[in-house]
Amino acid sequence: LPFSEEFFKWFGFKAWEKVKSIIKEMKRRRGKGHAIVVEILFTGDPNVRFVTDLNENHNFNSAIEKIDFVVELLPYHLNECNIPNELSEVVYKYDVESGRWIFNLVLAGQKKFSPTKKGWKVVT
């Protein structure tokens, strides 16, 4: 299932909490100052990818805990009037400053775009 309310209904709250706790435990076992890169990919239309590589345990745990909050925001993010056409993948990265997941990269057609204050910029 794609990243949506249906996924969380199908997968179940307890199972999702268990996945999050496993990811956080992996980070804990790495120890302080040892980064671990976690990428979670939900296939769908578009694919939704979450990427985090935070060193600080508190920030890392906060990022993992907040993944499911994005499901409510995704429809609004994808309905932006200036989002590139032919969207195939959306990549979110956790922003420590704001304490939330933000667009990091968008793949549309054969191009990659990154968000800027003025719109989308093609990334090479």
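Please refer to the structure placed before this passage.
Residues numbered from 1 in each chain as written. Predicted model: local features only at pLDDT ≥ 70, side-chain atom pairs only at ≥ 80, totals over all residues. Heavy atoms only, no water.

Topic: the nonpolar core
The biggest cluster of nonpolar side chains holds 30 residues, and the ones touching the most others in it are Phe3, Phe42, Phe50, Ile67, Tyr92 and Trp101. Sorting the residues of this core by element identifies helix H1 (5-11), helix H2 (13-30), strand S1 (38-42), strand S2 (47-52), helix H3 (57-65), helix H4 (70-78), strand S3 (87-95) and strand S4 (100-108) as the ones contributing at least two each. If near-sequence neighbours (up to four positions away) are discounted, Ile67 is found in contact with Phe3, Trp16, Ile40, Phe50 and Trp101. (Core = buried A, V, L, I, M, F, W, Y, C linked by side-chain atoms within 4.5 Å. Buried < 20%, exposed > 50% of the residue type's maximum accessible area, 1.4 Å probe, protein only. Helix = DSSP H or I, 4+ residues; strand = E, 2+ residues; numbered from the N terminus. Contact = heavy atoms within 4.5 Å.)

Some details on the pairing of S3
Pairing geometry for S2 and S3, over five bridges, is parallel. Paired with Asn47 across the strands is Glu89, a residue of S3. Pairing between S3 and S4: eight bridges, direction antiparallel. Across the sheet, residue Asp95 finds its bridge partner in S4, namely Arg100. Linking S3 back to S4 in an antiparallel pair, the connection comprises four residues, with Gly99 at a positive phi of about 70 degrees. (Pairing = 2+ DSSP bridges.)

Regarding the pairing of strand S5 (residues 111-116)
When S4 meets S5, the two strands line up antiparallel, connected through three bridges. Its bridge partner lying in S5, Leu107 is registered against Lys112. Counting the residues that bridge the hairpin from S4 to S5 gives two residues, and of these Gly109 lies at a positive phi of roughly 60 degrees. Where S5 meets strand S6 (residues 119-123), five bridges bridge the pair, whose relative direction is antiparallel. Within S6, the position partnered with Thr116 by the bridge is Gly119. Where S5 folds back onto S6 in an antiparallel hairpin, the turn is made up of two residues.

A closer look at unusual backbone geometry
For the bond running from Asp45 to Pro46, omega is 5 degrees, close enough to zero to count as cis. Its identity is not glycine, yet Glu86 carries a phi of approximately 60 degrees, on the positive side. Note that Glu86 resides in the loop between H4 and S3.

A closer look at the sheet that holds S2
On the basis of which strands lie adjacent, the open sheet formed by six strands has the order S1-S2-S3-S4-S5-S6 and mixed pairing. In this open sheet, the two edge strands, each paired with only one partner strand, are S1 and S6. Along the sheet, successive strands turn relative to each other by an average axial angle of 25 degrees, direction set aside. (Axes fitted to C-alpha atoms, helices over the stretch in contact; angles between N-to-C directions.)

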